[in-house]
Amino acid sequence: MESIKLTAGTVTLRASCQTLPARCTRCGMPSWRVHGRYARRLADAPLGGAFAVIELTVRRFKCLNPLCPAVSFAEQVPGLTSPHARYTPLLRSVLESIALCLAGRPGARLAAALKIRVAKDTLLNLLRAIPDPPTSEVRVLGVDDFALRKGDTYATLLVDLEARRPLDVLAGRDAEPLAAWLRDHPEVEIICRDRAGAYAEGARSGAPQAQQVADGWHLWRNLAEAVEKAVGAHHACIRAAFAFPPVIEEASEETRVTAEAVEVVPFIPPDGALDVTGKPRRLVARTTERYEAVQKRLSAGMSLAAIRRELRLDHSTVRRFARAQSLDELLVKAINRNSILDAYKSYLHRRWNEGCHDIPQLHRELREQGFSGDIQCVRRYFRPFKKPHSPRPRQPPAPPPEPRPTPKPRRIVRWIMTPPGHLADADAAELKEIRAACPHLDAVARHVRDFADMMRDLRGDLLPDWMERVLGDDLPALHSLVTGLRRDQDAVVAGLSSSWSSGQVEGHVTRIKLLKRKGYGRANLDLLRKRVLLTT
C-alpha cells in the first residue's frame, strides 16, 4: 500500500506488488526479468460509505522459456486481480448477487444507493456470465409451461422433484424441445405433467422408458370445468326450483281504486334476461342470434372455418357456440351476472312494502349501509313497477315478494366440488334441494364424489368403471371429459394411483412470475433462465 486519497466521495487506494519472481500465465516458468509497468484501476466494495478504487501498479515480465508462445506476461495478484477484470472478486460477487435478485435497472438503482457505480447493461452481462449450476442425474421430472407473454409466448420449466430444484427452462411449449432434452437424460423414470398433448408426445418420443403421471390438480380442474358446463346446461331447472309464485292478498278498496285508475304492468326483474323495459338485454339477444346462426350452418354441413369467415367471428367463439349443448349453457353467465344491488334487495322490498316509495330516501338509507351506487341504479330497479308515461298513482302498488335468489352457477359448482362435510349447513341444504329438483345434477354430484374418493385413496384402478358409469348417464359435458381421459388413460391412472404430482412445479411457476415482475418485462429468456436456475 502506497497511499490513500479521498476526493469527491471516492476513496483511491494506490498500491504495488514487490514480490519476485512472477510465474508465466502460459507455461508457469518463473521470471525475474521486468519488461515494463502500467497502472490498473479496479473498483472495489464501498469503503466507509464511499466509492472505492484500487490503483494497482502492475509489472509486465519477460518469459524466459524460449518454447513458450507468450513473449511477455502481466503479473496477477491472487484474490485481487484476474485478466481483463475491472472489479475485485469481492465487488464482482456483490454485483452478481444484485443482478440475480433485481436484474438491470432496479439493480443499478440499488447499487447506486450502496455507493457502487455500475450500469444496468454491466449487471446483465455479469448475470449472463455466471455459469449454470452443475447438472446431476434426475429420476423424477416435473414439466409445466408458463407465459412469457400471456396468449402469445410461452416457455417450459423442468424441475427435479426429488431434489426440489429447477433443472432447465426451454423455449416454447412444443413436444420437440422436451423430447430433445429427455434424449440427453435417459435416466428419467417418472415424468409428472399436465394434460397438454404436446408434453405427452414429447415424453413419449424422448423417454419411452419413463412412466407418465398426469397431475392430480389438473385432473380435478378438468372435472370442475365439465361440472360447470353441466350446471350451465341445467340451470333452468335450478331457476325453476328456486322460483315461487307471488303471494296474492285481498286488495283493499283504496288499492282497487288505484288499480282501476292506473294500469300496472307485471313486475319484470331488471337484472336477468330482460332489461328495465322488458326487452331482451343486448348481450342475451346477441348470444341467441349467434347461437342460432352457428347451429343453422352446422346443420347445413359447413365447417367451423367457413362459419368463422361468413359470420366474421373468432374461431374460438364459433367453436364455443358449436360445442354448446343448448342455448341455456351460453346464456347462464349472461343472465346471472352479479348486481351491486343484490345485497340490498331484501331491504328495498321490505321498505317498499312498509310504504316508503321515495327513491331519494331509499338511496340515502342504502348509502348509510355502505351502498356505493348512484341513485339511478335504485330508480332503474323500481322502474318496471309502473307503466311509463302513466299518471302517477297516489299509492304505488307494492312489488311482489322477492323470490329467493338463484345461486350463481360457479357457486353451485363449488358446492358440488366441496366435500360434504366441509359445506355450511345452509349451502348443504340448497345443494340438496338442487339435486332433488334436477336428476342430472344429482348424477353429476355422485360422479364427483366417486372421483374424489379415487383421488383420496389412490385407487386409479377404479377409473375404467367410473368412466362406464358416467357414460351411462345423459351428461354430454362429462362424456367429453371421459373421451379426453381415455386418450391419456395410462397417465391418468398413474396420476390417480401415485403420490407424485406437479405441485412443486406450480410453486416454481409462481416464483417465476415474481421474477418476471421484478424485471419489469424487459428480460429476455436467457436472463430469466439464469435467474430461475440460480436463485432459490
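Residues numbered from 1 in each chain as written. Predicted model: local features only at pLDDT ≥ 70, side-chain atom pairs only at ≥ 80, totals over all residues. Heavy atoms only, no water.

**Student:** Explain the overall build of the protein chain to me, please; I cannot follow it from the model alone.
**Tutor:** Counting its regular elements, the protein chain contains 23 helices and 12 strands. Here the protein chain, with 536 residues, has 40% of them falling under the buried criterion. Within the protein chain, residue pairs in contact and separated by at least 24 positions form 61% of the contacts whose partners lie at least 6 positions apart. Summing over all exposed atoms, the protein chain offers an accessible surface of approximately 30000 Å²; the carbon and sulfur share of this is 52%. (Helix = DSSP H or I, 4+ residues; strand = E, 2+ residues; numbered from the N terminus. Buried < 20%, exposed > 50% of the residue type's maximum accessible area, 1.4 Å probe, protein only. Contact = heavy atoms within 4.5 Å. Areas by Shrake-Rupley, 256 points an atom, 1.4 Å probe, with all protein chains shown as cover.)

**Student:** Looking at this structure, how should I read the nonpolar core?
**Tutor:** Nonpolar side chains tend toward joint burial in soluble globular proteins. Among the nonpolar cores identified, the biggest contains 38 residues, and V227, I416, L463 and W466 are the most heavily contacted of them. Elements that contribute at least two residues to this core include exactly α6 (216-233), α7 (235-242), α16 (409-417), α17 (425-437), α18 (439-457), α19 (463-471), α20 (476-487) and α21 (489-497). When residues in this core are grouped by element, the largest group, 7 residues, is from α18. Not counting chain neighbours up to four residues away, the residues in contact with V227 comprise V413, I416, M417, V444, V448 and L478. (Core = buried A, V, L, I, M, F, W, Y, C linked by side-chain atoms within 4.5 Å.)

**Student:** Can you walk me through the environment of D160 in this structure?
**Tutor:** Looking at the secondary structure, you find D160 in strand β9 (residues 153-160). It is 9.9 Å that separates the C-alpha atoms of D160 and I191, two residues lying 31 residues apart in sequence. Leaving out residues up to four positions away in the same chain, D160 has contacts with E137, V138, V140, R165, L167 and Q504.

**Student:** Can you help me understand the environment of P409 in this one?
**Tutor:** Along the polypeptide, P409 turns up in helix α16. For P409, a relative accessible area of 9% corresponds to the buried category. Sequence separation of P409 and A230 is 179 residues, and the distance between their C-alpha atoms is 9.7 Å.

**Student:** Looking at this structure, how should I read the confidence of the model for the protein chain?
**Tutor:** If pLDDT is low for a region, its predicted coordinates should not be looked at in detail. When the pLDDT values of the protein chain are averaged, the result is 83; 87% of them are 70 or greater. Considering only residues more than four positions removed or in separate chains, one finds that residues 244-271, a stretch of pLDDT under 50, has 38 contacts. Counting interchain partners and residues more than four positions distant, the pLDDT-below-50 stretch residues 387-391 has 4 contacts. (pLDDT = per-residue confidence, 0-100.)

**Student:** Looking at this structure, how should I read the pairing of strand β2 (residues 10-16)?
**Tutor:** Consecutive side chains along a regular strand alternate between the two faces of the sheet. Among the 7 residues in β2, 5 count as buried, and that is most of the element. Of the pairings in the sheet, the one linking strand β1 (residues 3-7) to β2 comprises 5 bridges and is antiparallel in character. Within β2, the position partnered with L6 by the bridge is V11. For β2 and strand β6 (residues 50-62), the ladder comprises 7 bridges, and the chain directions are parallel. (Pairing = 2+ DSSP bridges.)

**Student:** It is not clear to me how helix α14 (residues 359-368) should be interpreted in this structure. Could you clarify?
**Tutor:** Side chains three or four residues apart in an α-helix point the same way, a direct result of the helix having 3.6 residues per turn. Residues I359, L362, H363, E365 and L366 constitute the buried set of α14. Down the axis of α14, the smallest arc covering the buried residues is 160°, so these residues share one side. Looking at the buried side of α14, the elements it contacts are α13 (345-353) and α15 (375-382). Directly beyond the C-terminal end of α14, a positive phi value near 105° is found at G370. (Arc of directions from axis to C-beta.)

**Student:** Even after reading the chapter, I still don't get the sheet that holds strand β11 (residues 190-193), so can you show me in this structure?
**Tutor:** Neighbouring strands of a sheet are bound in pairs by backbone hydrogen bonds; such pairs are parallel or else antiparallel. The mixed open sheet is built from 5 strands, whose spatial order is β10-β9-β8-β11-β12. Pairing within the sheet leaves two strands with one partner each, and these edge strands are β10 (165-171) and β12 (211-214). Geometrically, the sheet is characterised by an average inter-axis angle of 25° between neighbouring strands, direction not taken into account. Summarising the sheet, β11 and β12 pair through 4 bridges and their orientation is parallel. Note that in β12 the partner of I191 across the bridge is Q212. Across the sheet, helix α22 (residues 503-518) is in contact with β8 (140-149), β9 and β10; its angle to β8 comes to roughly 30°. (Axes fitted to C-alpha atoms, helices over the stretch in contact; angles between N-to-C directions.)

**Student:** Explain unusual backbone geometry here, please?
**Tutor:** Most peptide bonds adopt trans geometry, and most residues besides glycine take a negative phi value. With phi around 60°, R164 is a residue other than glycine that occupies positive phi space. Summarising the element assignment, R164 is placed in the loop between β9 and β10. Residue class for R164 comes out exposed when judged on its relative accessible area of 57%. Of note in the backbone geometry, L458 takes a positive phi value of approximately 55° without being a glycine. With respect to the helices, strands and loops of the structure, L458 is situated in the loop between α18 and α19.

**Student:** When you look at the side chain of D145 in this model, what are you seeing that I'm missing?
**Tutor:** Take D145: it is sitting in strand β8. For D145, a relative accessible area of 17% puts it in the buried group. Within the structure, the side chain of D145 is placed 2.9 Å from the side chain of R173, a separation counted as a polar contact. Among all residues touching D145, those that are not within four sequence positions of it are Y154, A155, T156, R173, D194, Y199 and V509. (Polar contact = N/O pair within 3.5 Å; in protein donor to acceptor, adjacent residues only side chain to side chain.)

**Student:** Looking at this structure, I do not really get the packing of aromatic side chains. What am I missing?
**Tutor:** To describe a pair of aromatic rings, you give the distance between the ring centres and the angle between the ring planes. What the rule picks out here adds up to 4 aromatic pairs. Taken together, the aromatic side chains of W220, F451 and W466 make up a single cluster linked through ring pairs. A cation over an aromatic ring shows up here: R173 above the ring of Y154, its NZ or CZ 3.6 Å from the ring centre. (Phe/Tyr/Trp six-rings, centres within 6.5 Å; stacked < 30°, edge-to-face > 60°. Lys NZ or Arg CZ within 6 Å of the ring centre and 35° of its normal.)

**Student:** Help me out: how do you make sense of the packing of α22 against helix α23 (residues 525-534) in this one?
**Tutor:** The relative placement of two packed helices comes down to the angle between their axes together with the axis-to-axis distance. Interaxial distance between α22 and α23 falls to 11 Å at its minimum, and their mutual angle equals 130°. Between α22 and α23, the angle is such that the two are oblique. You can see that α22 and α23 cross each other, and the crossing is right-handed. Contact residues: α22 offers R511, I512, L515, K516 and K518, while α23 offers L528, R531 and V532. (Parallel < 35°, antiparallel > 145°, perpendicular 65-115°, else oblique. Left-handed = near helix turned anticlockwise from the far one by under 90°.)

**Student:** Is there a simple way to explain the environment of Q212 in this structure?
**Tutor:** As for its position among the elements, Q212 is in strand β12. What makes Q212 buried here is its relative accessible area of 14%. For the pair Q212 and Y199, spaced 13 residues apart in the sequence, the C-alpha separation amounts to 9.8 Å. Not counting residues within four places of it along the chain, the set of residues in contact with Q212 comprises I191, R193, A200, A203, R204, D490, A491 and A494.

**Student:** I'm lost on the packing of α17 against α18 in this one. Help?
**Tutor:** At their nearest, the axes of α17 and α18 sit 5 Å apart, and the two run at 120° to each other. With respect to each other, α17 and α18 are oriented oblique. Judged by residue contacts, I434, R435 and A437 of α17 engage P439, L441, D442, A445 and R446 from α18. Considered class by class, the residues forming the contact of α17 with α18 number 5 nonpolar, no polar and 3 charged. (Nonpolar A, V, L, I, M, F, W, Y, C, P; charged D, E, K, R; others polar.)

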